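Listed here are the chains, written in short residue letters.
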Amino acid sequence: LEDGELDGVNPKVIVLLAGTNNLGLPQNGGSLVEEITAGIRAVLRVCKEKSPRATVILTALLPRNDDLTLIPTLQQINVNLAKLADGKRVRFLNVNDRLADSSGKLFEGMMDANDKLHPTLKGYQVWADALKPLLRELLGKPAPTDHAPPPTGDPSLQFRARGF
C-alpha cells in the first residue's frame, strides 16, 4: 500500500493473508516467530492507517508441509496473530483445521503438490467458504447480479506453463 494508493477508495473490508513465505527465509538474528509477527503487525498498522474505517480480516498462516519442522513455529505465529484481533476492526480467521489434521499435516489435495505452499482450488474454496459468513456480516448479502469477471480457472497453471 503505497502512499496515495487508496486515495478515493474506501474499502469496507480488507482480507490479509501474509507471512508464510517468510517461514523459509533466514532469520535476522531474532526469533522467526517474533520477526514474522512483527512484520504482519506492521502491515496491519498500514492497512488501518490507509483505510481507518475498514475491517481487516486477518487470516492465519495456512499450514504447509514443505518442512514439517516449521509447524510449531507456524502455530505460534497464529497464536500471536489471534491476539492482534479485537473482534471489531480486526477479525481473525483460522481455517487450518479444515486444511490439515490436528498435527498440522495437510489433508490430501489442499495445497499444490509441487510447492506444498500455495492452495489448490480446493484449498482456496475452503478459505472462501470460511470468509463468506464474515463478508456477509460486514458487507450484507450479495447483490442480485454478479458483476465479477468470469473465472479463469486455476491461476497457478500460468506459472507452471512458464516453468515456475
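For the structure, see preceding data.
From a predicted model like this one, the values you see are computed outputs, not experimental measurements.

Cut-off values and rules
- Residues numbered from 1 in each chain as written.
- Predicted model: local features only at pLDDT ≥ 70, side-chain atom pairs only at ≥ 80, totals over all residues.
- Heavy atoms only, no water.
- Core = buried A, V, L, I, M, F, W, Y, C linked by side-chain atoms within 4.5 Å.
- Buried < 20%, exposed > 50% of the residue type's maximum accessible area, 1.4 Å probe, protein only.
- Helix = DSSP H or I, 4+ residues; strand = E, 2+ residues; numbered from the N terminus.
- Contact = heavy atoms within 4.5 Å.
- Pairing = 2+ DSSP bridges.
- Right-handed = clockwise from strand over helix to strand, strands pointing away.
- Axes fitted to C-alpha atoms, helices over the stretch in contact; angles between N-to-C directions.
- Left-handed = near helix turned anticlockwise from the far one by under 90°.
- Nonpolar A, V, L, I, M, F, W, Y, C, P; charged D, E, K, R; others polar.

**Q** Can you tell me about the nonpolar core, naming the residues and giving the values?
**A** Ranked by internal contacts, the top residues of the largest apolar core, which has 19 residues, are L23, I40, L44, L58, L61, I77 and L81. A per-element tally of this core places helix α1 (residues 32–50) first, with six residues. Leave out the neighbours within four places in its chain, and I77 touches L23, V33, I36, T37 and L61. Counting residues in hydrophobic clusters, the runner-up holds 15 residues, among them A100, W127, A130 and L131.

**Q** Pulling in residues and values, what's your account of the pairing of strand β2 (residues 55–59)?
**A** Working note: regular strand, side chains alternate between the two faces of the sheet. For β2, the tally of buried residues reaches five of five residues, placing the bulk of the element in the interior. Every second residue of β2 is oriented toward a common face, with T55, I57 and T59 on one face and V56 and L58 on the other, all of them buried. Of the pairings in the sheet, the one linking strand β1 (residues 13–16) to β2 comprises four bridges and is parallel in character. Its bridge partner lying in β2, V15 is registered against I57. Relative to strand β3 (residues 90–93), β2 is paired through four bridges, and the arrangement is parallel. When the bridges of β3 are listed, T59 appears paired with L93. Once you follow β2 into helix α2 (residues 71–84) and on to β3, the crossover reads as right-handed.

**Q** For the packing of α1 against α2, give the residues involved together with the corresponding values.
**A** Taken N-terminus to C-terminus, the directions of α1 and α2 make an angle of 35°; their axes are 9 Å apart at the nearest point. At the point where α1 passes α2, the crossing takes the right-handed sense. Contacts between α1 and α2 involve L32, V33, E34, I36, T37, I40, R41 and L44 from the first element and T73, Q76, I77, N80, L81 and L84 from the second. Grouping the amino acids of the contact of α1 with α2 by side-chain chemistry returns eight nonpolar, four polar and two charged.

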